[in-house]
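Next come the chains, spelled out residue by residue.
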Amino acid sequence: MQEKKFSVNTGLYYDISLPDAVRRIAALGFDYVELYRHSWEIDDVTRELKEIFRHTGIKPLAWHDHHELIFWAEDDCRDIYFVVKQVKQRLDFCRELGVKYLTLHYDFEAYDAASPVSPDEHPVFKAFPEIIEYAENSGIIILFENGSVQTKFIRRLCELVDSPNIGMCVDIGHANLFEDVETALATAGSLTKCLHMSDNFGMRRDGGFSDLHLAPGEGGIDWRKCMLALKNINYQGVFNFELNGSRYAREGVADIKGWGNFLPLKERDKLLRLARGHIKKALRTS
Ligand SMILES: [Mn+2]
């Protein structure tokens with residue numbers, strides 16, 4: 001059996017610099033890193049990041065942008081030029097850093113899961129020909145991540161765009177909240193190029209925050225079943241953890257999106273060891 005590769009999203013170490021987060025993840029023995037930042041300070045650290053990749057052997061898996069694609073469009077999405085410009089800028093960064101995937105949220109807030117529209121009915125769809133042509137020329141694959149936008153919508157989007165440079169990053173925690181893990185993976189199928197792995201206890205009914213981004217093993221997801229679902233679609237990619245390092249997440253309070261109240265760094269390291277151990281065990285027993 002091919003050896004499984006593991007990766008970490010730098011958001012877990014959001015309170016230290018991006019290079020320091022990458023160094024820390026490399027020191028913990030991970031194979032890949034997913035780069036995540038709200039702002040564009042990455043502009044200043046490109047050279048340093050490349051040095052770390054070269055010295056430690058850790059490889060950049062993806063650039064994960066904070067913004068949704070729709071966020072860049074005006075309310076009525078007339079400003080397609082701006083959307084295209086933002087995505088091209090990210091693709092340039094990916095190429096500069098040797099990152100294979102650009103992972104974007106399609107939309108988190110405005111999407112109505114109860115009455116989904118076809119992707120090509122949305123004005124932002126007009127941006128795709130130019131975005132995809134640029135991605136193809138850059139050799140970067142754009143991945144859309146499921147959230148309240150379910151995998152069936154993104155699958156349809158990928159089919160309509162019809163390019164080898166578009167695919168899906170299946171967020172397992174989000175699938176557990178907005179559809180279910182096994183259905184989401186079966187729907188995404190061979191379009192699944194990357195994963196966001198985190199745990200939660202399902203959708204809360206009291207309005208509390210549900211998308212906790214706990215380490216696999218801390219929440220209620222059956223990871224053995226998840227590994228079986230991945231085998232069923234012959235997933236050959238990296239196992240990428242996207243964890244929240246805040247105390248809030250463990251207390252289940254509503255405002256963890258503030259990325260504050262962090263656990264000490266060593267406790268966050270432990271979460272990664274827990275996550276990796278839990279997934280390795282789930283792989284062995286599935
Ligand atoms: Mn995610």
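This report concerns the structure included in the present document. Given the structure is predicted, the values throughout are model-derived calculations rather than measurements.

A closer look at the sheet that holds strand β6 (residues 166-171)
Where strands meet in a sheet, backbone hydrogen bonds hold them as pairs that are either parallel or antiparallel.
Phase 1 of the analysis: As summarised here, the arrangement of the eight strands in space is β7-β6-β5-β4-β3-β2-β1-β8, forming an open sheet in which the pairing is parallel. Looking along the sheet, the strands with just one partner apiece sit at the ends: β7 (192-196) and β8 (239-241). Here the strands of the sheet are splayed against their neighbours by 25° on average, with no regard to which way each runs.
Phase 2 of the analysis: Note that strand β1 (residues 6-9) and strand β2 (residues 32-37) share three bridges and pair parallel. What sits directly across from Asn-9, in β2, is Glu-34.

Concerning the pairing of strand β5 (residues 141-145)
Phase 1 of the analysis: Taken across its five residues, β5 has five buried, putting it largely inside the fold.
Phase 2 of the analysis: Side chains Ile-141, Leu-143 and Glu-145 project from β5 onto one buried face, and the interleaved Ile-142 and Phe-144 project onto a second face that is buried too.
Phase 3 of the analysis: Here five bridges tie strand β4 (residues 101-105) to β5, and the two strands are oriented parallel to one another. Across the sheet, Thr-103 pairs through a bridge with Leu-143, a residue of β5.
Phase 4 of the analysis: The pairing of β5 with β6 spans four bridges and is classified as parallel. Within β6, the position partnered with Ile-142 by the bridge is Ile-166.
Phase 5 of the analysis: A crossover connection joins β5 to the parallel β6 through helix α6 (residues 151-161); in handedness this β-α-β unit is right-handed.

Describing helix α8 (residues 181-188)
Phase 1 of the analysis: Val-181, Ala-184, Leu-185, Thr-187 and Ala-188 are the residues of α8 that are buried. Down the axis of α8, the buried set is contained in an arc of 160°. They therefore lie on one face.
Phase 2 of the analysis: Of the surrounding secondary structure, the elements contacted by the buried residues of α8 are α6, β6, α7 (172-178), β7 and α9 (223-232).
Phase 3 of the analysis: Following α8 by one or two positions, Gly-189 adopts a phi angle in the positive range, close to 50°.

Cut-offs used in this document
- Residues numbered from 1 in each chain as written.
- Predicted model: local features only at pLDDT ≥ 70, side-chain atom pairs only at ≥ 80, totals over all residues.
- Pairing = 2+ DSSP bridges.
- Helix = DSSP H or I, 4+ residues; strand = E, 2+ residues; numbered from the N terminus.
- Axes fitted to C-alpha atoms, helices over the stretch in contact; angles between N-to-C directions.
- Buried ≥ 20, exposed ≤ 12 C-beta atoms within 10 Å, placed from the backbone.
- Right-handed = clockwise from strand over helix to strand, strands pointing away.
- Arc of directions from axis to C-beta.
- Contact = placed C-beta atoms within 7 Å.

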